[in-house]
Amino acid sequence: MLTHRRATAGDLDLLAEMNLRLIRDEGHRNAMSVAELKQRMAQWLSGEYVALIFEEDGFQERSAVVAYALYAEREDEIYLRQLFVARERRRQGIGRWAVAILRSEVWPQTKRLTVEVLVRNAAAVAFWRAVGYADYCLTLEILPGTKPC
Ligand SMILES: CC(C)(COP(=O)(O)OP(=O)(O)OC[C@H]1O[C@@H](n2cnc3c(N)ncnc32)[C@H](O)[C@@H]1OP(=O)(O)O)[C@@H](O)C(=O)NCCC(=O)NCCS
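Residues numbered from 1 in each chain as written. Predicted model: local features only at pLDDT ≥ 70, side-chain atom pairs only at ≥ 80, totals over all residues. Heavy atoms only, no water.

## Regarding the sheet that holds strand β5 (residues 112-115)
The strands that make up a sheet are held in pairs by hydrogen bonds between backbone atoms, and each pair lies either parallel or antiparallel. What counts is decided by this rule: Paired strands, in this sense, are two strands between which DSSP finds at least two bridges. Runs of E in the DSSP output that reach at least two residues are strands. Runs of H or I that reach at least four are helices, and both are numbered from the N terminus. Whenever a helix is involved, its axis is fitted only over the stretch in contact; in every case the axis is a line through C-alpha atoms, and angles between N-to-C directions fall within 0 to 180 degrees. Between two residues, a contact is recorded if the distance between any of their heavy atoms is within 4.5 Å.
Read across the open sheet, the five strands follow the order β1-β2-β3-β4-β5; overall the sheet is mixed. A strand with exactly one partner marks an edge of an open sheet, and here the two such strands are β1 (2-6) and β5. This sheet shows a mean twist of 30 degrees between the axes of neighbouring strands, independent of strand direction. The pairing of strand β4 (residues 77-85) with β5 spans four bridges and is parallel. Pairing of L80 across the sheet is with V115, part of β5. Packing of helix α1 (residues 12-26) onto the sheet brings it into contact with β2 (49-57), β3 (63-73) and β4, and relative to β4 it is tilted by some 85 degrees.

Encoded structure:
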């Protein structure tokens, strides 16, 4: 059975480790260490962000963490900053289930829901579209040191 709970300070090590895996898996250029990610996560959780941890009941009453979500509720939107599903548990409906729980049990139904995704993260782009998010904004960039056309 899958359950969810709000993360606390005792989950910071776990969240930082999963955040690192998320950064690697999504191909983000963020180079922060686990210690730095832990510190950033602590700041987020003491500010506007909430983290939810999703667990699956296992043998001998032990549960395994299979996913986490990090979001901020703002005046007119719910910004989902991070969603991570354990590598060995992907494509089994856990991400879809997590979003369904957030929408039906956690978030108010009255607010716009937003998420940002790296264009090159094709799996996540497909996932967000599959769970109902529609394309809205595309961020373009020129990195420092790039010659003008
Ligand atoms: C993106 C992510 C959260 C999806 O979680 P998941 O549990 O594997 O997704 P689900 O099994 O619920 O998939 C739901 C649907 O999304 C789509 N989808 C999910 N992964 C996909 C992939 N790799 N390629 C194509 N479509 C995909 C499919 O339509 C899928 O339905 P289907 O399996 O019936 O075809 C997971 O791959 C992940 O943690 N990736 C690394 C971190 C990341 O990129 N997070 C998002 C950016 S913040």
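## Some points on the site of the ligand
For clarity, the threshold we go by: Proximity is defined per residue: if any heavy atom of the residue lies within 4 Å of a molecule or strand, that residue is considered near it. Here a polar contact means two N or O atoms within 3.5 Å. Within protein one must be a hydrogen donor candidate and the other an acceptor candidate, and residues neighboring in sequence count only if both atoms are side-chain atoms. Only the protein chains shown count as cover for residues, and all accessible areas are computed by the Shrake-Rupley method using a 1.4 Å probe.
Taken together, the neighbourhood of the ligand is formed by 19 residues, with L83, V85, G95, R96 and N121 sitting nearest. Between Q92 and the ligand, the recorded distance is 3.2 Å, taken from a backbone N or O atom to an oxygen atom. In this structure, N121 approaches the ligand through a side-chain N or O atom, which is 2.8 Å from an oxygen atom. Here the ligand loses 79% of its free accessible area of 920 Å² to cover by the protein chains. Of all the elements in the fold, those that place two or more residues in the shell around the ligand are α1, β4, α3 (94-106) and α4 (122-130).

## Side note on the environment of D135
The criterion, for reference: For every residue, the accessible area obtained with a 1.4 Å probe (protein chains only) is divided by the maximum for its type, and the residue is called buried under 20%, exposed over 50%, and partly exposed between those limits.
By the secondary structure assignment, D135 is in the segment after α4. On the basis of relative accessibility, which here comes to 58%, the residue D135 falls in the exposed class. In this structure, the C-alpha to C-alpha distance between D135 and E77, residues 58 residues apart in sequence, is 16 Å. Within polar-contact distance, the side chain of D135 engages the side chain of R129 at 2.7 Å.

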